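# Chain and residue survey
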Amino acid sequence: MINLNKDKAIPKILEYQMRQTKILLVRGQKLLNSVKKLPKQTFDVGTLHLGAISKIGPNGAYLIVNFSRNRKGYVDLGQLRSQSNINAGDYEIGEFLLFKVIEEPKQNRIQLTLQPNQINNEHSLTDLFVGMTINGIPLNKNEFGYQINFGNKGFRGFIKGENLRFGRIYSFVIQTIKVEEKLLVCQFNAEPIQQLEVKNKNLFQPGNIWPIIIQKEIDGGALVKLRKIGAIGYVFSDYLESNEKNQMAQIISFDEKSRLIYLSTKQEHINGDKFIPEFKRYQTYDGVKLVKELYSKSLLVNTINLPSGDSKKTKKAIKANEYDLGPTCFIHHIHIPENTNIEDVFQKKCMISDINYFDHIGMLTFDIKENSSISQLNVGEIVRVVVKQVIQQDGKSNVIVIIQEKFQGIIPQDHQSDYPLPSPAKFRVGAKIKARIINIDEKRNNITLTVKPTLLTDIKVFSTLEEIQHADTLYGWVDKKIENGSLIKFFQNIVGFLSNFSLDGQNEDDIQVGQIIKVYVKYVNAAEQKLFLSLKQVEPKELREHKEAKPVKEGDDKIVKKKKTEKKPQFQIGQQVEGIVTSIKTMVVYVNLPDGKFGRIHKTQFEVTEIKGRIFKLKSEFENLNVGSQIQCTIIGEMKEDNKKIFELSCLQNYSELNRNPEQDANKVVLGVVKKIMTNQFAPLSVELSYNYNVFVDGWDIPCSGSIINDLSSYVEVGQICRLKLHLDQNNKLKGIIITGLDHPFKEILYSREIFRVISHHESYIRVQLREHNYASIDITDLSEEWNVNIFQQYPIGTWGTCRILSQDKGFWASTRETFLNEKIWLKGLHPVKSTSVGFKQILNSPYDVRNSLYKGIPLSVGQVVLGYVTGTTSFGTFVKLNYITTCLVPGFICEDKYRPIILMITKTEKLQGTQDINLIKYKLHNQQLRVGDVVDGLVTSVNNDKAYIKVLGTLQNGELDKQNAEGVDTEDGWWANKLFKVGTQAKCIVIGQRQNKRGENILQLSNITELIQSDGKRKIEKGELLQEVVEIYESLEKMVNGTKINQKQTKLTVEIDQNQNQQEQEQEQEVFENEMEVEDQDEDQEQQIEEDENQVVEEELNQEQLDSRAEYEKKLLTNPNSSLVWIEYAAYITESEGIENARLLMERALRVVNAQNQVERMNLWVAYLNLEFNFGTEERLIAVFKKGCQSADAKQLYIKLIDIYRKAKKIDVMIELARQFVQKYKQSSKSWIELIQSLLDWQNQHNEENPQYSYKDTLNRAMQCLKKQKQSKVLAAYARLQFQNKQIEEGKTTFEALLEKNPTRTDIWSQYIDQAMKNCSPQVVRQIFQKAQNLLEFETLYGTEQTVQKVKQEAEKWVNEYMQKAQQEQAAQSESD
């Protein structure tokens, strides 16, 4: 939606900004004469300030920020991040950033924000300039750098290199502005502002560096003028590093309302240096030496240390200047003792009470306090704390406490009870409680405590793994549950692993995250940072050794020997055994060994033979096995599973041993089994080397073409054997290279054929990744041999392909055209070194396709007709790409169809230009020199009041026809040319002269007087030979482009029709399915259907109107205040024109206005609000809106709607978690279980395997236990429908059959079964189902009532009609094909 008044408003905004800037300049001149004292720096709402981070709150809950004069501000968690995994701990102490005041200061506390959408919301691209400081958030990274979000849709950013944190906010400096791309190239180094192309308030943005001129010194500092713009600013006296008149300064604060600009000339501010103090807080000194007196009687001093001794020695040392100077510090006038005048050296004990990270200085006081350092506290110490505040952070209620009246700590919600609570515990502010310190982070000054009752008892306390011994009893808490067990956390964030095999009979589902747990140390290795735990008590090693060394009584020798003989192992590593195959799996074979032992043989431990017809050319003897086969094998290892010993076996004579260590296994050649195939991934194959030991294989390490990799599942099957060479990648991860025996060593990348993977799309090329972490670009002209529209759609991100590397100019350029990929053509005619001119001439196909000739360096000529792709349009004309390094401009031509092929004629070769007018390019260009008297054919290109401009056909010359040289002029006014000529018509003229225009071009003077044209002796210039082939190419390209547009419209219409049909079918199925439900539910459905029909009518009315201003929408709302559709349209308009913040305000207003009885309308608004936050907002905002909606609307419907939003976005993991919460909240609802089962099936379709955490079959069993019988059948029927929809036909039939066996008279279930069968099964299967339904009719005739018989007859008649209609359609289609 376009705001038509927006363009009119922009000049007014610019005019206002320039007027305000002029006012500032005029006001500055008056200040020179009137100001005598430095004004106080203001921190009003909306003011911008440069600040330095001085403190990070506990657990990263907030930031404390230093400003000039040691003023401090506060940034809470929501104002410093865009992702939930970011907190204040991701920032650094001393870091300089740009802040905005968002609340009125209360109790000297300034509330700040870093959010770009609040700081940059008023900016437009035309307001910005090089050197300006601007806040932004890194979004994603490619091989060049990071993309930046500035919270403003009008522009985006990019920064090279760097190591940035996604979701964190940084202050960048604009390095380059690319207006056409709306792109800001940024850096971190601030530079003086050079060019002034704008005049607005952004010139005074903090962080900007300006040259200044000191005008005069005033009390507390100096009055300065900003050069180039003349604005007046202030510099504090301690921020003046020299008395030179001309200096560089950085703006540190700007208040637009009061027009106050504060600057600093200190290098640490200009360079943005982080302050690393050489002193510590609470450090003491013997006295101070005055450096400078500042404003308001504050002082800048040097601390001093005097030699030890009596007072006489001290006085002598002071007089002789024999003392050690310490750091420079600041003393506020309130900290100077009363009746004390510090003039030079002042001897009195003083202490650094605080550190000002903005001024890079310590804050001094003579009020000595006890040294308070976080290092005084110990992990495990039990302390008395005072509750200071309860804060909400990431959806949890955390408690901020004061420790020993000196330190601040945090008690997370997970540490407020031994077991997770349904709602957070309540803490009264000011209450004194007992807590235990569980973690101290001195670097970030964070202290974490717990009030879990068990952890407050007498338990083992430790802070390192070295303090833990084997068999120790420990108390910890469950931090996270993973696939094979749980992670248990202890003091100082020490983490141990509790395996599911070590639960001592306890059910793993009974263990909850956050609960207290008692465990025993099973294994500990401090060097490797490993800690394994068990719920079963572990016997200490000393006791076990003592038992084994127990003395034997006399006469027991024989018994002892007998026992030792019995314990002697029967099987040993390397021993050959015979077994019987009991089970064959995809990867392993299980066998029974003698004496009741078990073993398994991995597929890689069988002999393999080479075979043709397979991509990996290997066949394993594994494929010839059957259950019951006898097999000879060798024991190569043993393991324990489920407390049972199982032997690892091999059928190879020379088997390769794997150490399961990447460094030790690197460079080995081994066999592997394909475990997973993921064609759209960076590593398409997952290969298992031995039991549960896997490696990935990159696409470049698979010996096949890129097209095969895109369809790898058609060539390779899971379980297929392959030979690999193992190697370590750059991250020291083990990967595999497939070896087929046909491999050859890697060649130089340049000019070679390479496998690539598409990683991104750009304006006129795609970016691809090559082997060995190389990258290349493939231009739009090199993507296909043919000239097609929408060519980028053939190469979606993640697809694989084969290309030829053409050149290396600041990176590789490649081509996927067959001409370059064909090895014979490449070597014979195109290779820059090995090809010949004769070979090149043989490969030229079309004279208009110049891609090959441009690659060979053959220049273009004027009049040459060429093909190219439209890549962009500006006010100068349209840009057409001819090959990857050649672009032609078509002046005056505007093309809306981007990336379409076009044919044009070259008109200029210096700065390559052309024309696309078919009337000009369809005639062959001749080289005749035109002279006076020549008769020519021309094309009228433009007409104004007094002239007609004509293009001479067959040449590149232009002409003009004046009134006195025109025939047929019958009017005296200035409109004769408009009446006589029409643009695009042809005219026969005679050359009567020529002149030169301002650009030095020859312009022919023409006449169309018939008498002159037909006079004897005139040379007639022909149009030139008609190039019929060019006309045909032009028409075919236009037909192709127009046809594509029509197809897109038809496709869109077809999709809408299909969606409507599917919706109608689902509504019909739902209507039949709900026949057995209660009457109240039916009434609600009918009312909802009526309201939906009313909404559809209103929607059709709205579609006929296109509102384009706030006033029009407000007028529409006067007549339709309860229409959700009007509100949603209004919100979409506001989102596009004003941003998401105003759209949120509008949605909140809509929810207040719409009547509470109109539940359907209100539900539409809530769904629209969720979509708004999902598409344009943050995850936190989305969850907040959802929770708020659940409190005032139908929570079940909102759950379903939000799950559907995630399903459409293919965020399967989030969708499953939301569906699981839905079930937990509404266990008695069939809808919740249906959504969870459908989500699990979606997960299976995406990953080609069942979800390892939540099995949909187990989920179905749990649903049957929770639901009533009536709702059980509803879930089972929905489950059967989902099985049909997911192509699990036989499973769906089985589910329906089992359901109907228990409910044979449920016609609604019969209806669903038959509908699904007609869509997915053969006619024979449908007939069988009809026969069973006929038996139902006979049963009802004998035993049913008249109403039930009539109902069954109606259903049967409906089924038969649908079946016959489908059969007739199939018969008609068959006859047409015959």
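Right above here is the structure, for reference.
Summary of the structure given here. (Residues numbered from 1 in each chain as written. Predicted model: local features only at pLDDT ≥ 70, side-chain atom pairs only at ≥ 80, totals over all residues. Heavy atoms only, no water.)

## Considering the overall build of the chain
Broken down by element type, the chain carries 31 helices and 57 strands. Among the 1378 residues that make up the chain, the fraction classed as buried is 46%. Relative to all contacts within the chain whose residues are 6 or more apart in sequence, the contacts with residues 24 or more apart total 60%. Of the roughly 74200 Å² of accessible surface on the chain, 47% is carried by carbon and sulfur atoms. (Helix = DSSP H or I, 4+ residues; strand = E, 2+ residues; numbered from the N terminus. Buried < 20%, exposed > 50% of the residue type's maximum accessible area, 1.4 Å probe, protein only. Contact = heavy atoms within 4.5 Å. Areas by Shrake-Rupley, 256 points an atom, 1.4 Å probe, with all protein chains shown as cover.)

## Considering the pairing of strand E28 (residues 495-499)
Of the strand pairs in this sheet, strand E27 (residues 485-489) and E28 are connected by five bridges, and their pairing is antiparallel. The partner of Gly485 across the bridge, within E28, is Ser499. Between the end of E27 and the start of E28, which pair antiparallel, lie five residues, with Gln492 showing a positive phi angle near 55 degrees. (Pairing = 2+ DSSP bridges.)

## Structural notes on a positive patch on the surface
Residues Lys55, Arg109, Arg281, Lys369 and Lys388 make up a contiguous surface patch of positive charge. Positionally, Lys369 belongs in the loop between strand E20 (361-365) and strand E21 (382-393). What makes Lys369 exposed here is its relative accessible area of 56%. (Patch = residues over 30% accessible without salt bridge, like charges linked within 9 Å, V, L, I, M, F, W, Y side chains within 5 Å. Salt bridge = Lys/Arg side-chain N within 4 Å of Asp/Glu carboxyl O. Lys, Arg positive; Asp, Glu negative; His and termini not counted. Charge placed at Lys NZ, Arg CZ, Asp CG, Glu CD.)

## Overview of the sheet that holds strand E37 (residues 644-650)
Reading around the circumference, E31-E32-E33-E37-E36 is the order of the five strands in this closed barrel, with mixed pairing throughout. Between one strand and the next, the sheet's axes are offset by a mean angle of 50 degrees, whatever the strand orientation. Taken together, the five bridges between strand E31 (residues 576-584) and strand E36 (residues 630-641) define a ladder with antiparallel strand orientation. Bridge pairing links Gln576 to Thr634 in E36. (Axes fitted to C-alpha atoms, helices over the stretch in contact; angles between N-to-C directions.)

## Looking at the pairing of strand E23 (residues 407-411)
Of all five residues in E23, five are buried; the element is thus mostly enclosed. A two-sided burial pattern is seen for E23, the buried positions comprising Phe407, Gly409 and Ile411 on one face and Gln408 and Ile410 on the other. Connecting the antiparallel pair strand E22 (residues 396-403) and E23 is a turn made up of three residues, with Gln404 showing a positive phi of about 55 degrees.

## Let's talk about the nonpolar core
In terms of nonpolar packing, the biggest core is built from 66 residues, with Leu184, Phe204, Leu263 and Val288 touching the most fellow members. Apart from the residues lying within four places of it in its own chain, the contact partners of Leu263 are Ile212, Val224, Leu226, Gly233, Tyr234, Val235, Phe236, Tyr239, Ala249, Gln250, Ile251 and Ile252. Membership of the second largest hydrophobic core comes to 59 residues, among which are Leu1117, Tyr1133, Ile1200 and Met1215. (Core = buried A, V, L, I, M, F, W, Y, C linked by side-chain atoms within 4.5 Å.)

## A closer look at the pattern of salt bridges
One pass over the full model with this rule turns up 39 salt bridges. Two residues, Glu1173 and Arg1144, come together in a salt bridge whose shortest N-O distance is 2.7 Å. Here Glu1173, found in helix H21 (residues 1159-1176), pairs with Arg1144, found in helix H20 (residues 1140-1153); they are 29 residues apart in sequence, far enough to count as distant. The burial state of Glu1173 is the same as that of Arg1144; both residues are buried.

## Observations concerning the environment of Leu904
In this structure, Leu904 sits in strand E51 (residues 901-908). Along the primary structure Leu904 and Val880 are separated by 24 residues, whereas in three dimensions their C-alpha atoms are 9.2 Å apart. If near-sequence neighbours (up to four positions away) are discounted, Leu904 is found in contact with Gln864, Val865, Val866, Val880, Cys888, Val890, Gly914, Thr915, Gln916 and Ile921.

## Side note on the environment of Ala1209
Checked against the element boundaries, Ala1209 lands in the loop between helix H23 (1195-1208) and helix H24 (1212-1225). Residue Ala1209 is classed as partly exposed on the basis of its relative accessible area, which comes to 34%. Sequence separation between Ala1209 and Phe1174 is 35 residues; the distance between their C-alpha atoms is 9.7 Å.

## Some remarks on the sheet that holds strand E55 (residues 958-962)
Strand pairing within a sheet occurs via backbone hydrogen bonds; the two strands may be parallel or antiparallel. If you trace the five strands once around the closed barrel, you get E53-E54-E55-E57-E56, paired in mixed fashion. On average, each strand axis in the sheet is inclined to that of its neighbour by 50 degrees, with strand direction left out of account. By the bridge criterion, five bridges tie strand E54 (residues 947-952) to E55 in an arrangement that is antiparallel. Across the sheet, residue Ile950 finds its bridge partner in E55, namely Gly959.

## Things to note about the side chain of Arg168
Looking at the element boundaries, Arg168 is found in the loop between strand E8 (156-160) and strand E9 (170-178). Relative accessible area serves as the criterion here: at 3%, Arg168 is assigned to the buried category. Ignoring any residue separated from it by four or fewer positions in sequence, one finds Arg168 in contact with Ile86, Asp90, Tyr91, Glu95, Leu97, Gly136, Ile137 and Pro138.

## Observations regarding helix H10 (residues 823-830)
Residues Trp826, Gly829 and Leu830 constitute the buried set of H10. One side of H10 holds all its buried residues, which, seen down the axis, span an arc of 110 degrees. (Arc of directions from axis to C-beta.)

## A look at the packing of helix H19 (residues 1124-1137) against H20
Direction vectors running N to C along H19 and H20 enclose 165 degrees, while the axes themselves pass 8 Å from each other. The angle between H19 and H20 places the two elements in the roughly antiparallel class. In the crossing of H19 with H20, the sense of the turn from one axis to the other is right-handed. Taken together, the residues of H20 that come into contact with H19 (itself represented by Trp1127, Tyr1130, Ala1131, Ile1134 and Thr1135) are Asn1142, Ala1143, Leu1146, Met1147, Arg1149, Ala1150 and Val1153. (Parallel < 35°, antiparallel > 145°, perpendicular 65-115°, else oblique. Left-handed = near helix turned anticlockwise from the far one by under 90°.)

## Quick word on helix H22 (residues 1179-1192)
Between the first and last C-alpha of H22 there are 21 Å, a value that for 14 residues agrees with the 20 Å anticipated at 1.5 Å per step. Along H22, the residues classified as buried are Leu1182, Val1185, Phe1186, Gly1189 and Cys1190. Along the axis of H22, the buried residues cluster in a sector spanning 135 degrees; they form a single face. In this fold, the buried residues of H22 make contact with H21, H23 and H24. (Expected span 1.5 Å × (residues − 1).)

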